[in-house]
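Single-letter residue listing:
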Amino acid sequence: MRLAARSAPRAAERSAIVAVAVAAVAAFADAYITQPLLPILGHDYGVSPAVAGASVSAVVFAMALSSSAYGPLGDFLGRKRVMVVGCLLLGLATFACAFAPDFRALVALRAVQGALIPAISAVAVAYLGDLGGKRDLGSLVGIYIGATVTGGFIGRVGSGMIADALTWRASFVAYGGFTLVAAIVLGFGLHERRVPRELREGNVGQAFAGAYGAMFRHIGNPKLVGAFLAGATLFFGFIGVFTYLPYLLTAPPFSLSTGAVAWFYASYVAGIFAAPIAGRLSNRMSQQTLVAIGFSVALLGLALTALGSLVAIVIGTIVLCVGMFVAQAIVPTYVNVTARVAKGGANALYQAFYYVGAVFGSTLPGLGWEWYGWPGVLATCAASMVLGFVAFTVLCREDV
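Residues numbered from 1 in each chain as written. Predicted model: local features only at pLDDT ≥ 70, side-chain atom pairs only at ≥ 80, totals over all residues. Heavy atoms only, no water.

1. Section: helix 11 (residues 222-250)
Helix length check: helix 11 (29 residues) gives 43 Å between terminal C-alpha atoms against 42 Å at 1.5 Å per residue, within 8%. In helix 11, a bend of some 35 degrees at Y244 exceeds every other bend along the element, and P246, a proline, comes one to four places later. For helix 11, the buried fraction is high: 22 of the 29 residues fall into the buried class. For helix 11, the side-chain oxygen to backbone nitrogen distance between the N-cap and K223 is 3.0 Å, and the N-cap itself is N221. (Helix = DSSP H or I, 4+ residues; strand = E, 2+ residues; numbered from the N terminus. Expected span 1.5 Å × (residues − 1). Bend = angle between axes of the 7 residues up to and from the residue. Buried < 20%, exposed > 50% of the residue type's maximum accessible area, 1.4 Å probe, protein only. Polar contact = N/O pair within 3.5 Å; in protein donor to acceptor, adjacent residues only side chain to side chain.)

2. Observations concerning empty space enclosed by the protein
To find leftover empty space, a probe the size of one water molecule is rolled over the atoms. All told, the structure shown has 2 cavities of 30 Å³ or more when counted by the stated rule. What the largest cavity holds in volume is close to 230 Å³. Lining the largest cavity we find 20 residues, and of these F28, Y32, T148, F325 and Y354 sit closest to its centre. Looking at the lining of the largest cavity, the elements with two or more residues in it are helix 7 (118-165), helix 11, helix 15 (310-338) and helix 16 (343-361). For the lining of the largest cavity, the element with the most residues is helix 7, which contributes 8 residues. Taken as a whole, the second largest cavity spans an internal volume of roughly 40 Å³. Contributing to the lining of the second largest cavity are I17, V20, A21, L128, L140, I143 and Y144. Elements represented by at least two residues in the lining of the second largest cavity include exactly helix 1 (2-31) and helix 7. Its residues placed into classes, the lining of the second largest cavity shows 7 nonpolar, no polar and no charged. (1 Å grid on protein atoms, 1.4 Å probe; cavity = no way out; pocket = protein on both sides within 12 Å on 5 of 7 lines; lining within 4 Å. Points joined across faces, edges and corners; volume = space filled by probe spheres on them. Nonpolar A, V, L, I, M, F, W, Y, C, P; charged D, E, K, R; others polar.)

3. Details of the environment of V112
Tracing the backbone through its elements, the reader meets V112 in helix 6 (residues 103-116). Under the relative-accessibility criterion, V112 is labelled partly exposed at 38%. Residues V112 and T94 lie 18 residues apart in sequence; the distance between their C-alpha atoms is 8.9 Å.

4. Side note on a nonpolar patch on the surface
A contiguous nonpolar surface patch, about 650 Å² in accessible area, is contributed by V356, F360, L364, L367, W371 and Y372. With 4 residues, helix 17 (residues 364-372) is the single largest residue contributor to the nonpolar patch. Under the relative-accessibility criterion, L364 is labelled partly exposed at 38%. (Patch = residues over 30% accessible without salt bridge, like charges linked within 9 Å, V, L, I, M, F, W, Y side chains within 5 Å. Areas by Shrake-Rupley, 256 points an atom, 1.4 Å probe, with all protein chains shown as cover. Salt bridge = Lys/Arg side-chain N within 4 Å of Asp/Glu carboxyl O.)

5. Some thoughts on the environment of L37
Relative to the elements of secondary structure, L37 occurs in the loop between helix 1 and helix 2 (38-45). For L37 and S171, which are 134 residues apart along the polypeptide, the C-alpha to C-alpha distance reads 9.7 Å. Contact partners of L37, with chain neighbours within four places excluded, come to S159, G160, A163, W168 and S171. (Contact = heavy atoms within 4.5 Å.)

6. Regarding the packing of helix 14 (residues 287-305) against helix 15
At a minimum axis separation of 7 Å, helix 14 and helix 15 run at an interaxial angle of 160 degrees. Between helix 14 and helix 15, the crossing angle belongs to the class labelled roughly antiparallel. Like other packed secondary-structure pairs, helix 14 and helix 15 cross with a definite hand, here left-handed. A class-by-class count of the residues in the contact of helix 14 with helix 15 yields 19 nonpolar, 9 polar and no charged. (Axes fitted to C-alpha atoms, helices over the stretch in contact; angles between N-to-C directions. Parallel < 35°, antiparallel > 145°, perpendicular 65-115°, else oblique. Left-handed = near helix turned anticlockwise from the far one by under 90°.)

7. A word on the packing of aromatic side chains
According to the stated counting rule, one finds 16 aromatic pairs in the structure shown. Look at Y334 and F392: their rings are 5.4 Å apart centre to centre, the planes differ by 65 degrees, and that puts the pair in the edge-to-face class. Of this pair, Y334 sits in helix 15 while F392 sits in helix 18 (residues 374-395), and the two are 58 residues apart along the sequence. Here the two residues Y334 and F392 agree in accessibility, since each one is buried. Ring centres of Y350 and Y354 lie 5.8 Å apart, and the angle between their planes is 25 degrees; this geometry places the pair in the stacked category. Of this pair, Y350 and Y354 both sit in helix 16, 4 residues apart, roughly one helical turn. Residue classification places Y354 among the buried residues on the basis of a relative accessible area of 6%. Taken together, F235, F238, F242, Y268, F325, Y350, Y354 and Y355 form an aromatic cluster joined through their ring pairs. (Phe/Tyr/Trp six-rings, centres within 6.5 Å; stacked < 30°, edge-to-face > 60°.)

Structure (structure tokens):
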């Protein structure tokens, strides 16, 4: 009887972890559907490559703007409610993209997708923190980050394959259906978390104001600010490299085709393995040490791409992904553990900083390319990562 009583909660926890992972795969697959489809979208809608890229940037920008809203919502409405409803609406928005009559409508719907993805991404780590506690959180976050990487990879590769076999609109139909299934999995797999007393008693306004006030008070915690800056600057450098890498590879002396360049994104697969391993290591090593390793490895990856050899670039992008996802598996865990209250708000602020870094990382390194070519891109991205490394090292010391 006692064994059965213990196994039941464990089975429930496993089902919740699986549900969060499935939702993360679906959400991040939705985010990156259009990356391999830009030439097709440009042809069908009659827009330039730069304009077609708005179908990607609209998602990231909306994620940056909306991330800070969902953590407090999860804190006072309950994390399960926010994640299930958000995933359901995301599936509908993804499905609707397939029927966009013009490019403006598609970009608008992509922005809606971006505004809904943080209903999962900004709440999931806080939910896992509730589920696993401090001891197991590193491993759980590692699994979650691995799921987000898997989603990004599936979104890029799968949408291109579906578009080749059918049409680009079929890609949105397929991923919309997958996201709706993920919402159902969340609904059955998650446990309802505790809802604040104010909400139970009908004091919605008080609960809402309290949750948002608690979130913004995290800005006064230097340790959390250091973690926010670490996430933003790390993603800045990562996005910058992969955004402008095609310009390097399609130009002489490499002169690769667009199809060949697309395979360089397979280096993301390294993150599927690196993130869970880093999560498990966090139970035996300090988080500060693991973050330092992640930043150092990522900077080494940048340096390797500067050697001018195609082999070095391949190895460099893989090394960059390993470093990126080692650090990215640890910093959100650090945020969740460091925030004593309003953990959903703390994780939401981290997500907001993280995607603001992506917004700037997809544009500012372009100035480096225009001025100095690939070394200019690398200098911009490396400067960002060094800044984040210093911020985390100084602000997140044990005695701060």
